[in-house]
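Observations on chain architecture
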Amino acid sequence: MFQNYSQPLEFTNLTSWLDAALRENLPEFWAVFIELVLVGVVLLAAYAVLAMILIYVERKITAFFQARIGPNRVGKYGIFQTVADVLKILIKEIIHVNKVDKFLFYAAPFFMIVASVLTFGAIPFGKSLHAVDFNIGVFYVTAVSSLGIIGVLLAGWSSNNKYSMIGAMRSGAQFVSYELSAGFALMTMVVLSGTMQFSEMIESQAYCWNIFNGHISSLVAFVIYLISGHAETNRGPFDLPEAESELTAGYHTEYSGLQFGFFYLAEYLNMFIIASIAATVFLGGWMPLQISGWDGFNQLMWYIPSYIWFFGKVGFLIFLSLWVRWSFPRLRIDQLLNLEWKYLLPINLVNILVMVILVLTGLTLTDLF
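Read on for a plain summary of the structure. Here the structure is a predicted model, which means the values were calculated and not measured.

**With respect to the pattern of salt bridges**
It is possible for side chains bearing opposite charge to pair when their charged atoms get close. What the rule picks out here adds up to 7 salt bridges. Of the charged contacts in the structure, one is a salt bridge between glutamate 58 and arginine 325, with a shortest N-O distance of 2.3 Å. Taken together, the residues glutamate 58 in helix H2 (residues 28-65) and arginine 325 in helix H14 (residues 306-325) connect sequence positions 267 residues apart. Here arginine 325 falls in the partly exposed class, since its relative accessible area comes to 22%. With its nearest N and O atoms 2.7 Å apart, the salt bridge here joins arginine 59 to aspartate 85.

**Examining the packing of aromatic side chains**
Taken as a whole and judged by the stated rule, the model has 28 aromatic pairs. Look at phenylalanine 125 and phenylalanine 310: their rings are 5.8 Å apart centre to centre, the planes differ by 80°, and that puts the pair in the edge-to-face class. Residue phenylalanine 125 is found in the loop between helix H4 (102-120) and helix H5 (137-145), and its partner phenylalanine 310 is found in helix H14; the two are separated by 185 residues along the sequence. A single burial state applies to phenylalanine 125 and to phenylalanine 310, both of which are buried. Where tyrosine 225 meets phenylalanine 282, the ring centres are 6.0 Å apart and the plane angle is 40°; that geometry is what we call tilted.

**A look at the environment of glycine 151**
Note that glycine 151 resides in helix H6 (residues 148-158). On the accessibility criterion, glycine 151 (0% relative accessible area) is buried. For glycine 151, the residues in contact, after removing those within four places along its chain, are Ala108, Phe111 and Met112.

**A look at the nonpolar core**
Counting 68 residues, the largest nonpolar core has Phe120, Tyr225, Phe272, Val281, Phe282 and Ile318 as the members making the most contacts within it. When residues in this core are grouped by element, the largest group, 15 residues, is from helix H12 (residues 257-282). One finds Tyr178, Ile224, Ala231 and Leu336 within the second-largest nonpolar core, a separate group that totals 7 residues.

**Quick notes on a nonpolar patch on the surface**
Nonpolar side chains collect at one region of the surface, where Leu14, Trp17, Leu18, Leu26, Phe29, Trp30, Phe33, Ile34, Val37, Leu38 and Val41 lie side by side and expose about 1,100 Å² of accessible area between them. Mapped onto the elements of the fold, leucine 26 is located in the loop between helix H1 (12-25) and H2. Using a relative accessible area of 32% as the deciding quantity, one classes leucine 26 as partly exposed.

**Details of helix H15 (residues 333-361)**
Between its terminal C-alpha atoms H15 stretches 41 Å, which fits the 42 Å expected from 29 residues at 1.5 Å a residue. The largest bend in H15 amounts to roughly 35° and is located at leucine 344, with the proline proline 346 lying one to four residues further along. Taken as a whole, H15 has its buried residues at Leu336, Glu340, Leu344, Leu345, Asn348, Asn351, Ile352, Met355 and Leu358. Of the surrounding secondary structure, the elements contacted by the buried residues of H15 are helix H7 (162-193) and helix H10 (215-232). Following H15 by one or two positions, glycine 362 adopts a phi angle in the positive range, close to 70°.

Conventions adopted
Residues numbered from 1 in each chain as written. Predicted model: local features only at pLDDT ≥ 70, side-chain atom pairs only at ≥ 80, totals over all residues. Heavy atoms only, no water. Salt bridge = Lys/Arg side-chain N within 4 Å of Asp/Glu carboxyl O. Helix = DSSP H or I, 4+ residues; strand = E, 2+ residues; numbered from the N terminus. Buried < 20%, exposed > 50% of the residue type's maximum accessible area, 1.4 Å probe, protein only. Phe/Tyr/Trp six-rings, centres within 6.5 Å; stacked < 30°, edge-to-face > 60°. Contact = heavy atoms within 4.5 Å. Core = buried A, V, L, I, M, F, W, Y, C linked by side-chain atoms within 4.5 Å. Patch = residues over 30% accessible without salt bridge, like charges linked within 9 Å, V, L, I, M, F, W, Y side chains within 5 Å. Areas by Shrake-Rupley, 256 points an atom, 1.4 Å probe, with all protein chains shown as cover. Expected span 1.5 Å × (residues − 1). Bend = angle between axes of the 7 residues up to and from the residue.

Listed below in structure tokens is the structure:
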């Protein structure tokens with residue numbers, strides 16, 4: 001479907017060389033075991049580094065919107081402020097709370113972080129930069145990302161704190177509600193692409209990204225997914241579970257030290273994950289901008305590494321998310337649920353039906369041209 005031009009900065013040669021070297025010098029079991037360990041270490045390192053970058057970027061963008069400077073003391077332009085905060089969290093004392101359900105209280109942060117890491121591992125960061133490529137990739141990320149709500153509910157219930165419990169109940173209602181619209185929006189693109197596998201989905205967008213291929217139906221699904229994904233991450237104006245003026249910190253009020261850090265880390269990575277899935281499903285993922293028949297232009301675009309394309313698209317969507325967060329006031333809980341059940345979900349159901357009709361009649365752009 002598309003010509004595979006050379007990309008000098010890709011990691012294909014490195015991974016192929018490492019795989020060949022391990023299999024030549026070790027039994028197959030140990031070669032595979034070492035590869036899995038290396039992939040896990042790289043994913044965890046990328047997870048932590050991306051979280052620190054996102055925290056710094058949000059602080060700077062927030063400062064820009066609020067006409068102030070932001071971090072500017074620790075390192076040039078405050079670039080090491082996030083590193084200092086991470087070190088502080090790592091060495092900070094964990095305050096033990098009386099009369100909590102200890103097992104559930106300590107297990108809750110791990111549900112959050114595990115759900116986030118499992119979803120993070122399925123993201124295609126670039127050509128040949130894909131840890132796992134399931135043939136049901138869309139279904140997989142929808143399923144494992146849902147595990148995070150278990151951690152939220154456990155944290156609220158086990159804390160023996162009425163504010164934490166109210167925050168957890170709000171978060172549960174919000175997450176379950178908006179997960180429906182996010183799932184239907186992704187299924188609309190599955191109907192268009194004819195596959196749930198992220199790699200095949202990206203390759204099918206070589207000359208026309210899905211957001212344009214499905215006409216107005218794709219655009220509607222894209223907007224609904226961004227709204228629903230933003231609500232699932234509990235960020236303003238959908239940050240009712242953590243409403244500081246009402247619930248202190250919501251479901252993680254009683255957490256401190258590294259336990260609080262897990263919730264904090266997962267929140268920022270969930271923002272990245274939502275933007276990554278949107279970029280992959282709607283904006284071609286790591287696929288560069290390609291125009292059918294413009295071979296010279298296409299070859300020039302391929303010289304830009306695929307992961308640059310991916311992170312560029314994700315960065316744009318994250319900036320859009322932050323723009324929304326700092327532009328609109330917090331909704332009331334009734335307004336938040338009315339938006340989902342009375343507007344987004346009915347529109348979504350009609351939209352997926354329209355997409356089915358477009359695909360069956362061959363009216364998508366790739367079929368027309």
